[in-house]
Structure formats: C-alpha cells, structure tokens
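# Descriptive analysis of the structure
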Amino acid sequence: MRGANIIKAEKEFSNLTVGILALQGAVAEHARVVTDCGASYLEIKKSQQLDKVDGLIIPGGESTTMRKLMTKYGMIEPIKELAAQGLPIFGTCAGLILLAKEISSGEPAVLGLMNITARRNAFGRQADSFETDLTISALGKEPFKAVFIRAPWIDSVGKGVNILACFPDCGRIVLAEEDNILVSAFHPELTDDMRIHQYFLNKVKTRT
Amino acid sequence: MAEKGTYRVKAGLAEMLKGGVIMDVTNVQQAKIAEDAGAVAVMALERVPADIRAAGGVARMADPAIIENIMKTVSIPVMAKARIGHFVEAQILQSLGVDYIDESEVLTPADEKYHIDKWSFDVPFVCGAVNLGEALRRIGEGAAMVRTKGEAGTGNVVEAVRHMRTIRGEMAWLTKLGPEELMSAAKELKAPVELVREVAKSGRLPVVNFSAGGIATPADAALMMQLGADGVFVGSGIFKSSDPSNRAKAIVEATTHCNDPKVLSEVSKSLGEAMPGLEISEIDSNNLIQNRGW
C-alpha cells in the first residue's frame with residue numbers, strides 16, 4: 001500500500017526541494033516523510049540557505065529554543081519576506097506557535113504570518129500527550145493517526161483562515177491553512193501516513 | 001478516543017528534544033537561566049553531580065517541592081531523577097507530573113539487581129548506558145530514550161566519548177552480521193534478540209540517544225554531536241562554571257551549529273572559567289558513577 005503510494009508520489013514531487021528548519025527538533029522525521037513523498041530536502045541552519053528551497057517546514061521542538069536561535073541568527077525577517085512572496089510554509093507543533101500572529105499567553109509573536117491565536121502546551125504536559133484517530137475531510141474518509149505531544153491548539157482564527165480539523169470539539173482547532181501557510185498542532189512526521197505532507201507538497205508544486 | 005502513555009507518545013517527546021541541550025538545575029533561578037539560554041528541557045535535582053561526588057553519602061530523588069517550583073517557573077519540559085530500581089520514587093515523580101524520569105546512576109542505586117519496569121508507567125523514562133547491550137536492555141525494560149553515561153561531575157569528556165564510540169562501533173558490527181549470527185550476538189551483548197535484529201537492520205538505536213557526563217565546553221558539546229549524539233545533557237558544566245548564563249547560551253549554539261567551526265570559535269570566546277576537571281585515572285574505581293547499573 002505504502003509502496004504504491006511512494007511510486008506515484010515520486011513522479012509528482014520529484015523536482016521539488018523543501019527546506020527543513022534545522023535549529024533543533026524533529027528534523028530527521030520530516031526529512032524521511034519528504035523523501036518518501038519523492039521530493040528532496042535541505043536542512044536550513046542559516047538564512048542564506050533559504051533562497052534555495054521551494055517550500056519550508058518548521059518542525060516540532062521547543063518553540064522557545066527555536067525562537068532564540070532564529071532571532072540570534074537573523075532568520076526571522078528573511079522568512080517573513082519569502083512568505084510575503086508566497087513561499088509555502090508548513091509548521092508542526094512548535095512551528096504552529098512560531099507562525100501564529102497571536103499567542104494567548106500574551107507573549108510576542110515570532111513570525112506572525114498566520115491569522116490565528118495559538119495556545120502553547122494547551123493540551124497539558126507530557127502526562128496529557130496522546131494519539132488519536134482524527135477525521136480530516138480534506139484528506140478523505142480514512143482517519144489520520146494524529147500524535148499530540150505537549151501540544152498547542154488554536155483558540156481562534158481570523159479572516160482568510162480555513163479550518164481543516166478540530167479535536168475533540170471545534171473550540172480546539174488542530175489543523176488549519178491560510179493561503180501558503182499550513183499548520184498542525186500534532187506530528188504527522190511521527191507516523192507513516194504521508195497525506196498531510198502530500199497536501200503541503202501540492203501547495204509547493206502549485207506555486208512553482 | 002485519546003490514547004495516553006503509548007510508546008509512540010513517550011519516544012515522540014524525545015524526538016522533539018533532538019539537537020538540543022538539557023541542563024541540570026537545582027532551583028528556580030537556575031531553571032530560568034537555562035530556559036532563557038535556550039535549553040530544550042531542564043533536569044531538576046537537589047545537587048549537581050560534581051557536588052554529589054564531593055558530598056558522598058546517599059544521593060536520592062530531589063525534594064518534590066523543588067521540582068514543583070521549577071515546573072511552575074518554566075514552560076519547557078521538566079525532567080527529574082529517580083534512583084536505579086526505586087520504582088516508588090518514580091511513582092512519586094509521575095504523580096507530580098514531570099515530563100520525563102531519568103533512572104539515573106548519578107543517584108545511589110536502590111536495587112543492586114533490577115532496574116524499574118518502565119513499561120508500567122505512563123511517563124517516559126531516559127536511562128544511561130556505556131555500551132549497546134546496556135542501552136538495549138534499558139529499551140527492553142521500556143525506556144523511551146537513552147543517554148551515554150560518561151562520567152558525571154568530572155568536567156572530563158573522555159568517558160562520554162568512549163561510550164558513544166563503543167555504541168557506534170557495536171552497531172556498525174551488528175549491521176555486518178548474517179541473520180544466523182544475531183542470536184549469538186544478542187547473547188554476547190546480553191540484549192533482547194528482537195532489538196538486536198532491529199539495530200542490525202537499521203544501523204541505529206530504535207530511540208533517541210543523547211550524550212551525558214563530562215561535557216563542560218561548547219567544543220565538548222559539538223564533539224559529541226559530531227560523534228553521533230542526538231543532543232546533550234550538561235550537568236555540572238554550566239552552574240559550576242564562572243559565567244553560567246553565557247556558557248549555557250554558547251553550548252546551545254554549539255549544539256545546533258556543531259559542524260560549523262566558525263560559529264564554534266565565535267561562541268567559545270570569553271566564557272570565563274570552565275568547571276574544574278577531574279582526571280578519570282585518579283578516581284578510585286569504586287567511585288566511578290558509570291559502573292552503577294546492570
């Protein structure tokens with residue numbers, strides 16, 4: 001099943017290179033899924049490398065650590081500029097927090113590229129981390145195994161944001177998009193299901 | 001339905017810590033310094049290993065009040081240590097809601113034969129190892145993350161290097177064996193054969209592996225990363241140095257940019273005195289912390 005998907009995907013995404021912000025966090029996991037989808041990836045540690053990619057993934061990790069390193073190494077403005085030009089960006093967990101325009105604790109936004117209010121560690125500490133079968137109608141009938149780790153959720157969204165999934169009710173938004181930006185509160189890179197990465201790669205492909 | 005405490009959820013948190021630095025802290029002020037420096041997690045304990053080594057006697061789980069105060073202070077994950085085999089300390093730490101338990105040789109072991117059955121807990125565990133067999137035994141007991149032991153509280157990286165190289169070498173050896181050789185290899189390593197087969201196939205550990213025990217400088221951290229560590233624990237190295245805040249920041253940057261000597265030389269400048277180091281051969285073998293655990 002997965003083999004067949006990979007062969008089909010290889011043709012579709014083979015000319016795309018996705019950057020994965022590699023300051024800290026689950027970089028290798030995203031790299032594995034991107035490769036399985038048939039695209040290439042580049043680990044991004046310096047802002048100069050950003051010009052070489054067709055899309056960008058901001059992985060899960062510790063958002064405070066990533067924020068400090070992004071600030072120190074001058075990566076915030078270049079990412080904002082590229083996003084304004086339409087660069088597709090996919091943020092998972094910590095990536096969602098970094099992309100949000102508002103953070104419910106009142107701390108300042110980092111990239112502020114998406115019209116959402118994010119609540120950090122909203123589901124709780126590690127004791128409350130969980131996995132569940134999530135219904136995502138945009139991906140078809142088959143549920144998606146979603147892994148939430150000290151996960152945030154989105155409290156509310158502004159104009160232009162399309163809500164793709166909530167859990168367990170619609171007060172807690174866990175997957176959403178706004179034009180070229182896609183965010184998930186959970187970790188699709190920790191499973192073998194490639195559908196969310198393929199969804200993102202379609203954004204990348206449409207743009208190039 | 002939300003399923004908590006699954007192995008994927010336990011091992012998943014360790015994946016999120018990769019490329020980062022986990023710092024030992026003994027109070028709220030230190031925890032704040034660590035978080036501000038960019039630590040991905042803190043390890044709450046009563047005394048750093050260098051002080052445990054100096055004080056002697058029995059080292060136990062930290063006062064739950066200290067751990068709770070640290071949990072209230074920082075938004076990053078908080079880990080805490082339980083003694084080897086002391087499953088009641090682990091029960092207490094789980095009920096406090098810590099994010100990870102380190103079943104640690106740095107504390108005085110409570111059981112001379114058995115480690116904690118980590119499968120029976122919802123909270124994930126990290127355990128120390130000096131070689132591949134020990135790492136796989138701990139994973140077999142349910143550990144969701146491992147760390148090489150090094151020699152804690154010495155500020156001397158040589159044992160951390162030895163343990164990382166040993167594990168790497170043993171994994172490389174397994175990948176060259178035929179299927180008929182793996183049961184004997186498991187016997188030799190004293191490790192579960194299913195895990196031995198998995199490592200022989202993938203060439204890597206099934207969980208995240210950090211380096212610990214003796215890292216004192218940004219260069220030490222980058223060395224361990226280049227040798228294949230997924231991240232580093234720094235114990236006494238930060239708060240036993242003369243300028244903890246700047247040293248902590250420098251070690252965080254060195255871990256991210258471990259392959260960039262230009263960044264490494266920049267962050268290594270003017271950090272003041274590193275912690276005083278100990279020569280391993282001058283430590284009586286009975287006092288080597290790495291020999292605890294079985």
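These lines cover the structure that appears in this document, whether it is placed above or below. (Residues numbered from 1 in each chain as written. Chains lettered and ligands numbered in written order. Predicted model: local features only at pLDDT ≥ 70, side-chain atom pairs only at ≥ 80, totals over all residues. Heavy atoms only, no water.)

### Focus: the environment of Ile79(A)
Residue and element names in this part refer to chain A. Formally: Elements are defined by DSSP. Helices are runs of H or I of four residues or more, strands are runs of E of two residues or more, and each kind is numbered from the N terminus. Residue contacts are counted whenever heavy atoms from the two residues lie within 4.5 Å of one another.
Within the secondary structure layout, Ile79 lies in helix α4 (residues 76-84). Counting along the chain gives 53 residues from Ile79 to Ala26, while the straight-line C-alpha distance between them is 19 Å. Once you skip the residues sitting within four places of it in the chain, Ile79 turns out to touch Leu50, Leu56, Met70, Ile89, Leu111 and Leu113.

### What about the interface of chain A and chain B?
Test applied: By definition, the buried area sums, over both parts, the 1.4 Å-probe accessible area that each loses when the two are put together. Salt bridges are defined as contacts in which a side-chain nitrogen from Lys or Arg sits within 4 Å of a carboxyl oxygen from Asp or Glu. In protein, a polar contact requires one atom able to donate a hydrogen and another able to accept it; more generally it is a pair of N or O atoms within 3.5 Å, and residues adjacent in sequence count only if both atoms are side-chain atoms.
Chain A puts 38 residues into the contact, and the matching count from chain B is 38 residues. Here chain A meets chain B over a buried area of about 2900 Å², counting both sides, of which 51% is carbon and sulfur. Per-residue buried area on chain A facing chain B is highest for Arg125(A), Gln126(A) and Glu131(A); these three make up 22% of the total on that side. Run the count over chain A and chain B and you get 7 salt bridges. Ionic pairing is found between Lys46(A) and Asp260(B), a salt bridge with its closest N-O pair at 2.6 Å. At the boundary of chain A with chain B, the tally comes to 25 residue pairs in polar contact (both at pLDDT 80 or more). Secondary structure elements with two or more residues in the side of chain A that touches chain B: α2 (27-36), α3 (63-72), β7 (130-134) and β8 (144-148) of chain A.

### Details of empty space enclosed by the protein
Our working rule: Cavities and pockets were defined on a 1 Å grid built from protein atoms only: a cavity is a group of points that admits a 1.4 Å probe but offers it no way out, a pocket is an open group of points flanked by protein on both sides within 12 Å along at least five of seven lines, and a lining residue is one with an atom within 4 Å of any such point. Grid points are joined across faces, edges and corners, and a volume is the space filled by probe spheres set on the points. When residues are sorted by character, Ala, Val, Leu, Ile, Met, Phe, Trp, Tyr, Cys and Pro go into the nonpolar class, Asp, Glu, Lys and Arg into the charged class, and all the rest, Gly among them, into the polar class.
Inspection of the entire model under this criterion finds 5 cavities of 30 Å³ or more. Counted as a void, the largest cavity has a volume near 180 Å³. Around the largest cavity, the lining comprises 22 residues; the ones closest to its centre are Pro49(B), Ala152(B), Ala212(B), Gly213(B) and Gly235(B). Residue composition of the lining of the largest cavity, grouped by class: 8 nonpolar, 8 polar and 6 charged. For the second largest cavity, the lining is made up of 14 residues, of which Gly61(A), Glu62(A), Cys93(A), Asn121(A) and Arg150(A) are closest to its centre. Those elements that provide at least two residues to the lining of the second largest cavity are α5 (94-99) of chain A together with α1 (7-17) of chain B.

### Observations concerning the packing of aromatic side chains
Here is the rule: In this scheme Phe, Tyr and Trp rings, the latter by its six-membered ring, pair at centre separations within 6.5 Å, and the angle between planes marks the pair as stacked below 30 degrees, edge-to-face above 60, and tilted otherwise. Each residue is assigned to one of three classes by its accessible area relative to the maximum for its type, calculated with a 1.4 Å probe on protein chains only: buried under 20%, partly exposed between the two thresholds, exposed over 50%.
This model, assessed by the stated rule, comprises 12 aromatic pairs over all chains. Ring centres 5.4 Å apart and planes at 50 degrees place the aromatic pair Phe148(A) and Phe186(A) in the tilted group. In this pair, Phe148(A) is assigned in strand β8 and Phe186(A) in the loop between β12 (181-184) and α6 (195-207), connecting sequence segments 38 residues apart. Here Phe148(A) and Phe186(A) have matching classes, each one buried. Their ring planes at 45 degrees and their centres at 5.4 Å tell us that Tyr7(B) and Trp119(B) sit as a pair that is tilted. Of this pair, Tyr7(B) sits in helix α1 while Trp119(B) is found in the loop between β5 (100-104) and β6 (125-129), placing the two residues 112 residues apart along the sequence. What makes Tyr7(B) partly exposed here is its relative accessible area of 29%. Following the ring pairs from residue to residue traces out a cluster consisting of Phe123(A), Phe130(A), Phe144(A), Phe148(A), Trp153(A), Phe167(A) and Phe186(A).

### Quick look at the layout of surface pockets
When its volume is computed, the largest pocket comes out at roughly 830 Å³. Along the walls of the largest pocket sit 35 residues, with Ala28(A), Glu29(A), Glu15(B), Lys18(B) and Arg204(B) positioned nearest its centre. Going through the elements one at a time, α2 of chain A together with α1, α6 (132-140) and α12 (244-256) of chain B are the ones with two or more residues in the lining of the largest pocket. At 5 residues, the largest contribution of residues to the lining of the largest pocket is made by α1(B). A class-by-class count of the residues in the lining of the largest pocket yields 15 nonpolar, 9 polar and 11 charged.

### Quick word on α1(B)
Buried residues dominate α1(B), accounting for 9 of its 11 residues. Looking one or two residues past α1(B), Gly19(B) carries a phi angle of roughly 75 degrees, positive in sign.

### Observations concerning the packing of helix α2 (residues 28-37) of chain B against helix α4 (residues 64-73) of chain B
All names here are of chain B. Operational definition: Angles run from 0 to 180 degrees between N-to-C directions of axes, and those axes are lines fitted to C-alpha atoms, restricted for helices to the stretch in contact. Crossing handedness follows the turn of the near helix against the far one: under a right angle anticlockwise gives a left-handed crossing, and clockwise gives a right-handed one.
Two elements in contact, α2 and α4, have axes separated by 9 Å at closest approach and are oriented at 35 degrees. Viewed along their axes, α2 and α4 form a crossing whose handedness is right-handed. Residues Val28, Ala31, Lys32 and Glu35 of α2 touch α4, and the partners they reach there are Asn69, Ile70 and Thr73. For the contact of α2 with α4, the residue count by class is 3 nonpolar, 2 polar and 2 charged.

Don't take any of this as a statement about function, it's just geometry.
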